[in-house]
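Single-letter residue listing:
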Amino acid sequence: MKSIALANGHVSVRLPGAPRASNGGGTPAYCRQGIVAQIVSDLRTGRGVVLVGAEGTGKTFLARRATEQLSADYLLVQVRGSSIAATMPYGAIRYLLNELDDVSDHPLAVLRGLTRLLRERAAGRPILLFVDDAQDLDALAALVVAQLALAADVRLLVVCDDLTQSSGDLLQLWRDGVLRRIDVGQLTPDEAAEWFQLTYGSSISRAASDALWEASGGHPRYLEALTPVQMNAHALVEQDGVWVLSGRPFRYQGAGLDTLQTAAGSGSADERAVLDILALSGGLTLDQLLQVVPAAAIDRLERSHTLMMGVGSQPRVRLASRLIMHVLRRQVRTGRSRELYAAVRAAVGEGMLTAATQVSLATWALDCGVGLSGEEALSAARLALEMGNPAEGLRLVTSAGAGTDEAGFLDIAVVEARALLALGDRTGAATVLQRHRPSNATGPLRTTSEWTVLQASLLTAQTGTTNESVPLLIAVRSRLAQAVAGPQESAQELGAAKEEVDLALAHQALYAGRYRDAAEELAALYATARSPQRRMLAGRWLCQAWTLLGKSGDAARLAEEIQLHDAASADVTPETGPRLDWAATGVFFAHSTEHPGLVPGQGTAAGSFPGVRAGAAQELAAGLLNAYCGRAEDALAQLRPAISQLKQLNSEGELGAALAAAGFASALLGRTGDALEFLASGDERKPSSHLIASVRSYFAVLASAEMGSRSQAAGKMARLAEAERGTCAPLLELMFLAAAVRLGTNRLAGRLRTVAAGMQGELARASSLYAQGLQEQDATLLLTAASAASAMHDDLFARDAARAAMKRAEETTDRFTMRAAQQQVRTSLRRLGSVLPSDEDGQALTEREQEVAVLAASGASNRAIAAAMNISIRTVEGHLYQIYAKLQVTNRAELKTTFA
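Just so it is clear, the structure is predicted and the values come from calculations on it, not from any experiment.

A closer look at the overall build of the protein chain
Phase 1: The secondary structure content of the protein chain amounts to 42 helices and eleven strands.
Phase 2: Looking at the protein chain as a whole, 55% of its 900 residues are labelled buried.
Phase 3: Sequence-distant contacts, at least 24 apart, represent 70% of the contacts inside the protein chain between residues at least 6 apart.
Phase 4: Summed over its atoms, the accessible surface of the protein chain is roughly 37,000 Å², and 50% of this surface lies on carbon and sulfur atoms.

Side note on the sheet that holds strand β10 (residues 307-309)
Phase 1: The strand order β9-β11-β10 describes an open sheet built from three strands, whose pairing is antiparallel. Among the strands making up the open sheet, the edge pair consists of β9 (284-285) and β10.
Phase 2: As paired strands, β10 and strand β11 (residues 316-319) are joined by three bridges and run antiparallel to one another. When the bridges of β11 are listed, methionine 309 appears paired with valine 317.
Phase 3: Contacting β9, β10 and β11, helix α10 (residues 269-281) crosses the sheet at an angle of about 95° to β11.

Quick notes on the pattern of salt bridges
Phase 1: What the rule picks out here adds up to 43 salt bridges.
Phase 2: Arginine 272 is the salt-bridge partner of aspartate 276, the closest N and O atoms lying 2.9 Å from each other. With aspartate 276 and arginine 272 both in helix α10, this residue pair falls four residues apart, about one helical turn.
Phase 3: With its nearest N and O atoms 3.6 Å apart, the salt bridge here joins arginine 446 to aspartate 411. Separated by 35 residues along the polypeptide, arginine 446 in helix α20 (residues 445-463) and aspartate 411 in helix α18 (residues 406-422) bring together distant segments of the chain.

A few points about the nonpolar core
Phase 1: Within the largest apolar cluster, 170 residues are counted, with the highest numbers of intra-cluster contacts made by Phe699 and Tyr770.
Phase 2: One finds Ala92, Val144, Val145 and Val158 within the second-largest nonpolar core, a separate group that totals 40 residues.

Focus: helix α16 (residues 374-386)
Phase 1: Spanning 13 residues, α16 covers 19 Å between terminal C-alpha atoms, matching the ideal 18 Å at 1.5 Å per step.
Phase 2: Positive phi appears at glycine 388, one or two residues downstream of α16, with a value of about 85°.

What about the pairing of strand β4 (residues 154-160)?
Phase 1: Here β4 lies mainly inside the structure; seven of its seven residues are buried.
Phase 2: Side-chain alternation along β4 places Val154, Leu156, Val158 and Cys160 on one buried face and Arg155, Leu157 and Val159 on a second face that is also buried.
Phase 3: Pairing of strand β1 (residues 48-52) with β4, which is carried by five bridges, proceeds in the parallel orientation. In the sheet register, valine 49 faces β4, and the bridge partner there is leucine 157.
Phase 4: Relative to β4, strand β3 (residues 127-132) runs parallel, the two sharing five bridges. If you follow valine 131 over to β4, its bridge partner there is valine 158.
Phase 5: Tracing the backbone out of β3, into helix α5 (residues 139-148) and back to the parallel element β4 gives a crossover that is right-handed.

Thoughts on the sheet that holds β1
Strand pairing in a sheet takes place through backbone hydrogen bonds and is either antiparallel or parallel in direction.
Phase 1: The sheet built from five strands is open, its strands ordered β2-β3-β4-β1-β5 with parallel pairing. Only two strands of the sheet have a single partner each, and these edge strands are β2 (75-80) and β5 (179-183). Taking the axes of each pair of neighbouring strands and ignoring which way they run, one obtains an average angle of 15° across the sheet.
Phase 2: Here β1 pairs with β5 via five bridges, running parallel. Note on β5: the bridge partner recorded for valine 49 is arginine 180.
Phase 3: Its contacts with the sheet put helix α2 (residues 59-70) on β1, β2, β3 and β4, and the angle it makes with β3 is roughly 170°.
Phase 4: Helix-sheet contacts for helix α6 (residues 168-175) involve β1, β4 and β5, and the interaxial angle to β5 is about 95°.

Considering the confidence of the model for the protein chain
In low-pLDDT regions, the fine details of the predicted coordinates are not to be read closely.
Phase 1: Looking at the protein chain, the pLDDT average stands at 83 and 87% of residues meet or exceed 70.
Phase 2: The element-level mean pLDDT for the protein chain is lowest in helix α26 (residues 582-585), coming to 33, with helix α34 (residues 749-757) highest at 95.
Phase 3: For residues 261-265, every residue scores under 50 in pLDDT, and the model assigns this stretch 13 contacts once sequence neighbours within four places are set aside.
Phase 4: Predicted confidence for residues 566-603 stays below pLDDT 50, and this span has 124 contacts to residues more than four positions away or in other chains.

Here's the deal with helix α41 (residues 873-887)
What sets the pattern is the α-helix's 3.6 residues per turn: residues three or four places apart point alike.
Phase 1: Across its 15 residues, α41 extends 21 Å between first and last C-alpha, which sits within 8% of the 21 Å expected from 1.5 Å per residue.
Phase 2: Along α41, the residues that are buried comprise Val876, His879, Leu880, Ile883, Tyr884, Lys886 and Leu887. Seen along its axis, α41 keeps its buried residues to an arc of 165°; they face one direction. For α41, the exposed residues lying more than 90 degrees away from the buried face are Arg874 and Tyr881.

Some remarks on the pairing of β1
Phase 1: When you tally the buried positions in β1, you get five out of five residues, the bulk of the element.
Phase 2: Burial along β1 is two-sided: Gly48, Val50 and Val52 facing one way and Val49 and Leu51 facing the other are all buried.

Some remarks on the packing of aromatic side chains
Both the distance between ring centres and the angle between the ring planes are used here to describe each pair of aromatic rings.
Phase 1: A complete count under the given rule lists nine aromatic pairs for this structure.
Phase 2: Pairing tryptophan 195 with tyrosine 200 gives two aromatic rings, centres 6.1 Å apart and planes at 80°, and the pair type is edge-to-face.
Phase 3: For tyrosine 200, a relative accessible area of 30% puts it in the partly exposed group.
Phase 4: Ring centres 5.6 Å apart and planes at 80° place the aromatic pair tyrosine 341 and tryptophan 364 in the edge-to-face group. Of the two residues, tyrosine 341 sits in helix α14 (residues 334-347) while tryptophan 364 sits in helix α15 (residues 355-368), which places them 23 residues apart along the sequence.
Phase 5: Taken together, the aromatic side chains of Tyr628, Phe664, Tyr698, Phe699 and Phe736 make up a single cluster linked through ring pairs.
Phase 6: The side chain of arginine 181 reaches across the aromatic face of tryptophan 174, ending 5.6 Å from its centre.
Phase 7: It is arginine 535 that lies over the ring of tyrosine 526; its NZ or CZ is 4.2 Å from the centre.

Remarks on the packing of helix α35 (residues 762-776) against helix α37 (residues 795-811)
Phase 1: Packing of α35 against α37 leaves a shortest axis separation of 11 Å and a crossing angle of 20°. As summarised for this structure, α35 and α37 are arranged roughly parallel, according to the angle between their axes. The crossing of α35 and α37 is left-handed. Where α35 abuts α37, its residues Leu763, Ala766, Ser767, Tyr770 and Leu774 lie against Phe797, Ala801 and Ala804.
Phase 2: Of the residues assigned to the contact of α35 with α37, the class counts are seven nonpolar, one polar and no charged.

Thresholds applied
- Residues numbered from 1 in each chain as written.
- Predicted model: local features only at pLDDT ≥ 70, side-chain atom pairs only at ≥ 80, totals over all residues.
- Heavy atoms only, no water.
- Helix = DSSP H or I, 4+ residues; strand = E, 2+ residues; numbered from the N terminus.
- Buried < 20%, exposed > 50% of the residue type's maximum accessible area, 1.4 Å probe, protein only.
- Contact = heavy atoms within 4.5 Å.
- Areas by Shrake-Rupley, 256 points an atom, 1.4 Å probe, with all protein chains shown as cover.
- Pairing = 2+ DSSP bridges.
- Axes fitted to C-alpha atoms, helices over the stretch in contact; angles between N-to-C directions.
- Salt bridge = Lys/Arg side-chain N within 4 Å of Asp/Glu carboxyl O.
- Core = buried A, V, L, I, M, F, W, Y, C linked by side-chain atoms within 4.5 Å.
- Expected span 1.5 Å × (residues − 1).
- Right-handed = clockwise from strand over helix to strand, strands pointing away.
- pLDDT = per-residue confidence, 0-100.
- Arc of directions from axis to C-beta.
- Phe/Tyr/Trp six-rings, centres within 6.5 Å; stacked < 30°, edge-to-face > 60°.
- Lys NZ or Arg CZ within 6 Å of the ring centre and 35° of its normal.
- Parallel < 35°, antiparallel > 145°, perpendicular 65-115°, else oblique.
- Left-handed = near helix turned anticlockwise from the far one by under 90°.
- Nonpolar A, V, L, I, M, F, W, Y, C, P; charged D, E, K, R; others polar.

Here it is, written out as structure tokens:
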């Protein structure tokens, strides 16, 4: 199945450094300059290189880029294998043999004749023999090429799909060490984003690049074909100069993609059956697939990287590219689809059905026109929602039709509203819920409770408060507590309904900033919930609550436990939200869902609405973290795409936090106009959770401190810290207090120390040391606080603490501590990049003084420095006088320590 094998092999060379500029040509390999550099280096210093990778991974382009760099110094000879040439003796090198006079077809004669011909052309230069599609060389051509490569003046560059399928002579060259092997596989997500920027000369959001990568399977050729189709379909749109996802589904038909429909190749009937089944079903567990097709066919396709195998006790098998799945699906006729469906359904018994398989088979049944009862469709729709696939859930529940009674109507309406809400359609969800209101007198209580959970979520999103939603949830929980199992609903169903309501109440508590209440609810749910999905979600939210409560160590241990559980179960689909350092940045762990239980699953398409939200949340979280730590350029590189993506999603609350952080980052860089524009674009009146509102306020006040009055900003931070006492969120209180103290309100140092003493984690420790150092006017403690902050890469905090240490050391004439503090300030400023220095950073060396200092610290004498810089010795002495005074050093030994 070579023609559709996907590039998923190991890439042994991954070097960064490609230029950030458009190439204007749409070539997928430009983002792999490191591989090109490695090829060139190996050919100059060694005997040869073999590039190995599946078709379409850009191997030939990489090889050609390397030959371009070598063409001035080498005679380039190109040979290309093909299926036609492979049928003829010396087929691929026949064009060279035609230039020889009366040479027999004996390999030795051919070798001598070609060696003479190539050396005459080279005229003393070395020869570079470039062989493409080497697996299609005939045996004689491969023999001659291998023998040519043994000559001292010949370098061999071989490109092939599979080295084991190439001639034994070429394989032996690799085994003997003549050829160095470089495996070229699929693009990583980061490389896919870089490819887009280089190809189109524009930025792209994390959500959009991830969606393109997932749809293409990281295959460069598929990525190149998919991207313009999504642009034309407006699934990919430009927002403020950044390409983002619109939320529309990806298209897998159109110019550039239709040609792939004939790429199925000529594999065996068993292999084709595997491909068709996986394309039509979307994926099955390995055990299920083995009930229908032989293991050998699966093994062959996995070796060619056409399939992807999941992990866990029931590994799920799927096609490596969503594009190929859609292409193959279109090729299968309805009759064959029904035959395969019947075969799979008959082979996979009820005992083998997982939740993912039930959804797969239900959607497959709809596709091929097999009858699906309303009950089956509704059940599959619920499972699809639990797995994080609301689009499939909506399609299935729509096919279920109307129920036979009021309870049936309400069941369908609830599932439909859940799907719409997960797809970002609040208006549609509200309309469905209002059209089908539950009656207290009739219908299962579990359905009524589910309706109430959804209604409460919509009310909170609409009003920005939990004042109306919480009483609704408490009332329905009270009814559930008094309910008795009966014919309409079992004790298990009532228990599940209660868990959903408990989870919703915990979510409301998180939204409102009642973190202790949330932690109590979530801890109980994590310990007792029957549903793995609800238990894992409770655990994730408990991590957030504990972090905000100052229990970052407990949160980190729980996060590790959750990851272990996720890895152990194929049916538990983890949230793909931000993964952050719990100890320092739990404040930025923003929700990526509107309703408890609606989380993107492992099977969720990156381009779907839940996938877009998850990708935007990740990019936002990374940008907020960099802004908090003062890495302004990095922060803006992530926040700008996140802002554009959030605008498309109409996520006003998160957008406000992103804009405030971007304003602060711009202010740090001295770009006042940009900062004011970002800050003016936010709307504080938009509904948002307590956490998001706190983050927005934090960055907005910090931005005002950089552009205006630090004392006024310090006062605002102090008031924000005071407000957090009522929410019992020590981490937020600590962050506001630390900011106020760093802005000059030293009278709050005692309170900062007290709050930090009751918390876990390195941030609390660094804050406690900083507060103690200020209280006791101890430069050493302040410097220790700076080192602790620097160790966790909180470079802005490290700079501020080192500034305070430097000031106190100067007052006490502690020259040793002052030098160490100056060194820490310089380290922090270097890490902060383009953040503007200030007078508080000490006297800066001029560019000339910096040159002299570096040379002197390296041990150079005054005479040597003068000669190197073409200045007089007296000028060197003058520079050193200024350097010693500024850096508080007295000799070269101290200077060397300072520059270590």
